[in-house]
Each structure stands twice: as C-alpha cells, then as structure tokens.
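Letter by letter, the chains look like this.
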Amino acid sequence: MSANGPHTPYLAQGPRVGIRHFTHEDAEEFTARARESRDLHRPWLFPPDTPEAYAGYARARIESPAAEPLLVCEREAGGAIAGFININNIVRGGFLSGTLGYGAFAHAAGRGLMGEGLALVLRYAFGPLGLHRLEANIQPLNEASIALVRRAGFRLEGFSPAFIFIDGAWRDHERWAITADKVTADKVTADKPLPPRPY
C-alpha cells in the first residue's frame with residue numbers, strides 16, 4: 001500500500017495531478033504527446049518522439065542512481081501524461097542537489113497542471129529523496145518555463161553564457177534554484193505578485 005492510498009501509482013498527488021516514475025511501457029503515449037507538442041517545445045526542448053529514442057532516453061534515466069525521472073499525470077483523465085519533470089545530476093554527500101529538466105505537453109499547457117506537478121516534485125525531492133537544493137537552467141527567452149519556476153519560489157542565481165549545447169549550438173541560460181528551507185518557510189503562490197527580473 002502506498003502512502004497515498006491503496007493501489008495508487010503516485011509518489012505524491014494533488015487535486016488534479018499525481019507524479020510517478022517513468023516506465024518503459026510509457027513509450028507509446030509519451031512519444032505521441034511529444035509529436036503533438038513539437039510547436040510548443042521548439043526551440044527549447046527536444047523530448048524523444050519515436051519509440052527508439054524513448055527507449056534510450058528512459059533507460060538512461062530509469063537505470064541511473066543520479067536521476068529521478070518523473071511523469072506528471074492527470075488524475076481525472078485516467079492518469080494521462082500531462083508532462084514530465086526529471087531530477088537529473090543528483091549529487092549526495094555535502095551537496096544534496098539535483099538539476100531539473102521538464103516540459104508540458106501541448107494538451108496540458110496553460111492549465112496549471114505543471115505548476116501543481118512541480119509543487120509535488122519539490123515535496124518529493126525535499127522529503128523522501130532528502131535533497132537540499134534543486135536548480136533549473138533555462139534559456140532567457142523561454143518565458144513560460146521561467147514563469148513556472150518563479151511561481152514555485154525559485155530564485156534567479158545567475159546567468160551563464162554558452163552553457164548547454166542544444167539544437168546545434170551552445171545556448172545561454174539563466175540559473176534558477178530553490179532550497180528546502182524556501183519551500184517550507186516562504187511558499188510562493190500563483191496569485192502572489194512576482195518580483196521583476198533584474199534585467
């Protein structure tokens with residue numbers, strides 16, 4: 001029996017979504033959603049959109065001790081996949097940190113599902129996983145992605161030019177981060193005004 005109730009597949013759940021681990025059996029739904037979402041994702045994100053690509057992508061994350069590959073699933077839609085939030089590059093010891101990679105699928109975009117999912121991921125990361133800090137690296141013009149982490153309480157820590165190789169070039173990124181104490185002491189909600197970005 002899960003902490004969330006009998007027979008639930010979710011690691012954590014909210015009113016509309018639950019989060020669970022990737023499985024190899026998710027290939028068909030995940031790749032179909034990725035193909036439907038190309039216009040939304042480009043040029044920021046390139047999730048696997050064929051079964052072959054998904055197999056390697058999922059295997060690398062499922063088998064890695066330094067990753068927690070998580071799907072955001074819509075509970076009232078029978079667990080349909082709304083998006084994904086991967087905790088990558090997990091480092092233990094004195095660091096207790098991970099890096100987020102995430103994306104909504106087109107049918108779920110703009111409905112607040114990823115915001116709810118990210119809140120669940122933070123609860124999971126700073127609770128059962130025992131992490132202290134999460135970082136999200138985001139291209140400066142990706143306003144939707146930045147808005148998601150700002151609403152969750154992430155702070156802008158810096159700007160890194162030519163930081164990550166994406167779509168054939170080294171791309172500039174802003175570094176946003178949150179620590180466990182921020183989540184428990186100063187929860188940011190969607191209706192609270194957000195401070196301006198410093199540039």
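Residues numbered from 1 in each chain as written. Predicted model: local features only at pLDDT ≥ 70, side-chain atom pairs only at ≥ 80, totals over all residues. Heavy atoms only, no water.

## Quick word on the overall build of the protein chain
Then, number 1: When you go through the protein chain residue by residue, the secondary structure sums to 6 helices and 8 strands.
Then, number 2: When the helices and strands of the protein chain are listed from N to C terminus, the series reads β-β-α-α-α-β-β-β-α-β-α-β-β-α.
Then, number 3: Restricting the contact set of the protein chain to residue pairs at least 6 apart, pairs at least 24 apart contribute 61%. (Helix = DSSP H or I, 4+ residues; strand = E, 2+ residues; numbered from the N terminus. Contact = heavy atoms within 4.5 Å.)

## Focus on the pairing of strand S8 (residues 169-179)
Then, number 1: Sheet topology places strand S6 (residues 133-138) next to S8; 6 bridges connect them, and they run antiparallel. Within the sheet, the bridge partner assigned to Glu 135 lies in S8 and is Ala 177.
Then, number 2: Taken together, the 8 bridges between strand S7 (residues 155-166) and S8 define a ladder with antiparallel strand orientation. Residue pairing across strands places Ser 160 opposite His 173, the latter belonging to S8.
Then, number 3: Taken together, S7 and the strand that follows it, S8, pair antiparallel across an intervening segment of 2 residues, in which Asp 167 is found at a positive phi of about 50°. (Pairing = 2+ DSSP bridges.)

## Focus on the pairing of strand S5 (residues 97-104)
The side chains of a regular strand alternate, residue by residue, between the two faces of the sheet.
Then, number 1: For S5, the buried fraction is high: 7 of the 8 residues fall into the buried class.
Then, number 2: Note that strand S4 (residues 80-91) and S5 share 7 bridges and pair antiparallel. Residue pairing in the sheet places Asn 88 in a bridge with Thr 99 of S5.
Then, number 3: Linking S4 back to S5 in an antiparallel pair, the connection comprises 5 residues, with Gly 93 at a positive phi of about 70°.
Then, number 4: Alignment of S5 against S6, held across 4 bridges, turns out to be parallel. Counterpart to Thr 99 in the pairing with S6 is Glu 135.
Then, number 5: In this fold, the crossover linking S5 to S6 by way of helix H4 (residues 113-126) has right-handed handedness. (Buried < 20%, exposed > 50% of the residue type's maximum accessible area, 1.4 Å probe, protein only. Right-handed = clockwise from strand over helix to strand, strands pointing away.)

## Structural notes on helix H1 (residues 27-36)
Then, number 1: Listing the buried residues of H1 in full gives Ala 27, Phe 30, Thr 31, Arg 33 and Ala 34. Buried residues of H1 fall within an arc of 160° about the axis and therefore sit on the same side. Exposed residues on H1 whose side chains face more than 90 degrees from its buried face are Glu 28 and Glu 36.
Then, number 2: On its buried side, H1 packs onto helix H2 (38-41), helix H3 (51-62), strand S3 (68-74) and S4. (Arc of directions from axis to C-beta.)

## A few points about the side chain of Ser 145
Then, number 1: Among the secondary structure elements, Ser 145 is positioned in helix H5 (residues 143-151).
Then, number 2: Beyond its immediate stretch of four places on either side in the chain, Ser 145 contacts Tyr 102 and Ile 138.

## Some points on H5
Then, number 1: Those residues of H5 not exposed but buried are Ser 145, Ile 146, Leu 148, Val 149 and Arg 150.
Then, number 2: Looking at the packing, one finds that the buried side of H5 touches S5, H4, S6 and S8.
Then, number 3: Looking one or two residues past H5, Gly 153 carries a phi angle of roughly 100°, positive in sign.

## Observations regarding the packing of aromatic side chains
Then, number 1: According to the stated counting rule, one finds 9 aromatic pairs in the structure shown.
Then, number 2: With a centroid separation of 5.5 Å and 50° between ring planes, the pair formed by Phe 30 and Phe 84 is classed as tilted. Of this pair, Phe 30 sits in helix H1 while Phe 84 sits in strand S4, and the two are 54 residues apart along the sequence. For the residue pair Phe 30 and Phe 84, the accessibility class agrees, reading buried in each case. (Phe/Tyr/Trp six-rings, centres within 6.5 Å; stacked < 30°, edge-to-face > 60°.)

## Quick look at the nonpolar core
Then, number 1: Counting 34 residues, the largest nonpolar core has Ile 87, Leu 100, Tyr 102, Leu 118, Leu 134 and Phe 154 as the members making the most contacts within it.
Then, number 2: Secondary structure elements with two or more residues in this core: strand S2 (17-21), S3, S4, S5, H4, S6, H5 and S8.
Then, number 3: Counting residues per element, this core draws most heavily on H4, which supplies 9 residues.
Then, number 4: If you look at the next biggest cluster of nonpolar residues, it comprises 13 residues, including Phe 22, Tyr 54, Cys 73 and Ile 81. (Core = buried A, V, L, I, M, F, W, Y, C linked by side-chain atoms within 4.5 Å.)

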